[in-house]
Every structure is written in C-alpha cells, then in structure tokens.
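# Results of the structural survey
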Amino acid sequence: MESYIKYSTQLTSSCMCRYAVVLLIIHVQLIKSETNFGSTLSNIRCSKNEDCQRDDSINFFCDSHYGFCDVKRIEMDLCRRDEQCDKNLICMFGKCQREPTPGNRGSRCKSDSDCKSHMCCARQHGEKVCKLKLQRNQRCYVPTGGLDYSLNELCPCDSGLVCSKKKRKNRRRDSQGSPMDRMRCQRIHMPNNE
C-alpha cells in the first residue's frame, strides 16, 4: 500500500508539473493575442522605433532586420541591440541583462580610464568591458592577432608583475603544452646594484 501511495504521489506531482507548464504556455499565448494592439502591431512594417510606439503600457521596438514591430525583450531573452531590451536592460553578449555599475567588472567601456583600478578595458566576446588585470601566475600569452585576439582580449599583468615564460622545475621534455602555455604573470626581479 505504501508503494502505491508513493507512486500515486509521484504521478500526481509529475502531472501537476506538466499541467503547470501547459497553463504557462497557454497564458503566454493569451497575452500575445489578448489585445488587438499586440497582434496587429507585430504585423506592422517599420523602419524606426517611432513607427512602433502606440501605447505606453506595452513596449515595442522596430526589428530593422525583418522590418516589423516586436515586443521588447525581458531579462535573459535573446537580443541583438540595446533597443530590443526592456527598460533598465542592455543587450550584452546576446542577452538582455541588467547593466553593471559603470567602472565595475563587466561594465561597458571605451578606455582603461572608464574602469576602476586593477582593471582594464578589453574585449570579451567582441564587446569592450572592464576586466580584472591578470594576477600572479595567471596565463598571459596574447596572440599576435587573428579572430581570438579580436574577440577576447586579455588585460595586462597587474602592477609589479610582468608576462614572462615560467621556468619549469623539471627540465625533461614532458606534456606541459606549448611554450605559450608557460607564459605567466611573474613578479619583476630587479637586479641588485652593489
């Protein structure tokens, strides 16, 4: 009898989850088709955002790629530009998200001066953002150019450190990878002046 009750409870909770998902899908579809405004607006051709402004309660933008008005995206929805995201959100790495405080890690920048100390302005997935400068023993090899360099830049080593080849403790040839993998941020060793 106990096993029947457990199975029945599991079956009920499984059915409840499916039922909740179905209700959610129906709810979303109803919201999209609830107003004539929303359903007609998505069929309206546009060339600029102003063509889509009809009501303050619903935010629309002009998807210039397809030439139709579309509903603004909410947090974590996919996007291509800031204008596609709802209020107080930006399009970062292809998703609508809250903008970090200017100068902090992950915030947009144009130069190092836009970032706090111990940070630099470098590309991450092609977008210039504030990133932490590299710390001691972090890999610091930077390619001469190419796609990887253009999309994902590294900050330089933090103050007092320099990027140099880390000496191997074991001199024999082993599978430590290429010499570039051994490029690490190291303390600057000043020669003694005696």
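Just so it is clear, the structure is predicted and the values come from calculations on it, not from any experiment.

Attention now goes to the overall build of the chain. Scanning the chain from terminus to terminus reveals three helices and eight strands. Sequence-ordered secondary structure for the chain, helices as α and strands as β, is α-α-β-β-β-β-β-β-α-β-β. Here the chain, with 194 residues, has 21% of them falling under the buried criterion. In the chain, the share of contacts with a sequence separation of at least 24, taken over all contacts with a separation of at least 6, comes to 29%.

A few words on the pairing of strand β4 (residues 95–98). Bridge analysis of strand β3 (residues 89–92) against β4 gives four bridges, and the strand direction is antiparallel. Looking at β4, one finds that L89 is bridged to R98. As consecutive antiparallel partners, β3 and β4 are separated by two residues, and within that stretch F93 has a phi angle of approximately 55°, a positive value.

Formed by L134, C140, C157, L161, M183 and C185, the largest nonpolar core amounts to six residues. Excluding anything up to four places from it in sequence, L134 contacts R139, C140, L154, C155, P156, C157, D158, L161 and C185.

Further remarks concern the pattern of salt bridges. Two side chains that carry opposite charge are able to pair once their charged atoms sit near each other. Summed over the entire model, instances satisfying the criterion amount to eight salt bridges. R80 serves as the salt-bridge partner of D63, at 2.6 Å between the closest nitrogen and oxygen. Within this pair, whereas D63 is found in strand β1 (residues 60–63), its partner R80 is found in the loop between β2 (68–71) and β3, the two being separated by 17 residues in sequence. Classification of D63 as buried rests on a relative accessible area of 4%. Accessibility expressed as a relative area gives 45% for R80, which makes it partly exposed. What emerges from the salt-bridge pattern is a single network uniting D82, R108 and E127.

A few words now on unusual backbone geometry. Phi is positive for M76, which is not a glycine, with a value near 75°. Mapped onto the elements of the fold, M76 is located in the loop between β2 and β3. In the Ramachandran plot, H118 falls in the positive-phi region, its phi being about 65° despite a non-glycine side chain. You can see H118 is positioned in the loop between β4 and β5 (119–124). Taking the relative accessible area as the measure of exposure, H118 reaches 45% and is therefore partly exposed.

The subject of this paragraph is the environment of D77. Mapped onto the elements of the fold, D77 is located in the loop between β2 and β3. As for D77 and K95, which are separated by 18 residues in sequence, their C-alpha atoms are 5.4 Å apart.

Take the environment of A122 next. Relative to the assigned elements, A122 resides in strand β5. It is 8.7 Å that separates the C-alpha atoms of A122 and K110, two residues lying twelve residues apart in sequence. Not counting residues within four places of it along the chain, the set of residues in contact with A122 comprises C109, E127, K128, V129, K131, E153 and C155.

A cluster of nonpolar side chains, V142, Y149 and L154, forms an exposed patch at the surface whose accessible area comes to about 220 Å². A residue is classified by how much of its surface remains accessible, and V142, at 36% relative accessible area, is partly exposed.

Applying the stated rule across the entire model yields nine disulfides. Each sulfur in the disulfide pair C79 and C91 lies 2.1 Å from the other. For the disulfide bridge between C79 and C91, the dihedral angle about the S-S bond is near 100°, and by the sign convention the bridge is right-handed. Of the two residues, C79 sits in the loop between β2 and β3 while C91 sits in strand β3, which places them twelve residues apart along the sequence. Of the two residues, C79 and C91, neither departs from the other in class, the shared state being buried.

Right, let's talk about the side chain of R73 for a bit. Along the polypeptide, R73 turns up in the loop between β2 and β3. A polar atom in the side chain of R73 sits 3.2 Å from the backbone oxygen of L78. Residue contacts for R73: discarding those within four places in its chain leaves F61, L78, Q84, C85, D86, L89 and C96.

Definitions and limits used
Residues numbered from 1 in each chain as written. Predicted model: local features only at pLDDT ≥ 70, side-chain atom pairs only at ≥ 80, totals over all residues. Heavy atoms only, no water. Helix = DSSP H or I, 4+ residues; strand = E, 2+ residues; numbered from the N terminus. Buried < 20%, exposed > 50% of the residue type's maximum accessible area, 1.4 Å probe, protein only. Contact = heavy atoms within 4.5 Å. Pairing = 2+ DSSP bridges. Core = buried A, V, L, I, M, F, W, Y, C linked by side-chain atoms within 4.5 Å. Salt bridge = Lys/Arg side-chain N within 4 Å of Asp/Glu carboxyl O. Patch = residues over 30% accessible without salt bridge, like charges linked within 9 Å, V, L, I, M, F, W, Y side chains within 5 Å. Areas by Shrake-Rupley, 256 points an atom, 1.4 Å probe, with all protein chains shown as cover. Disulfide = S-S within 2.5 Å. Polar contact = N/O pair within 3.5 Å; in protein donor to acceptor, adjacent residues only side chain to side chain.

Functional significance is not addressed by these values, which are geometric in nature.
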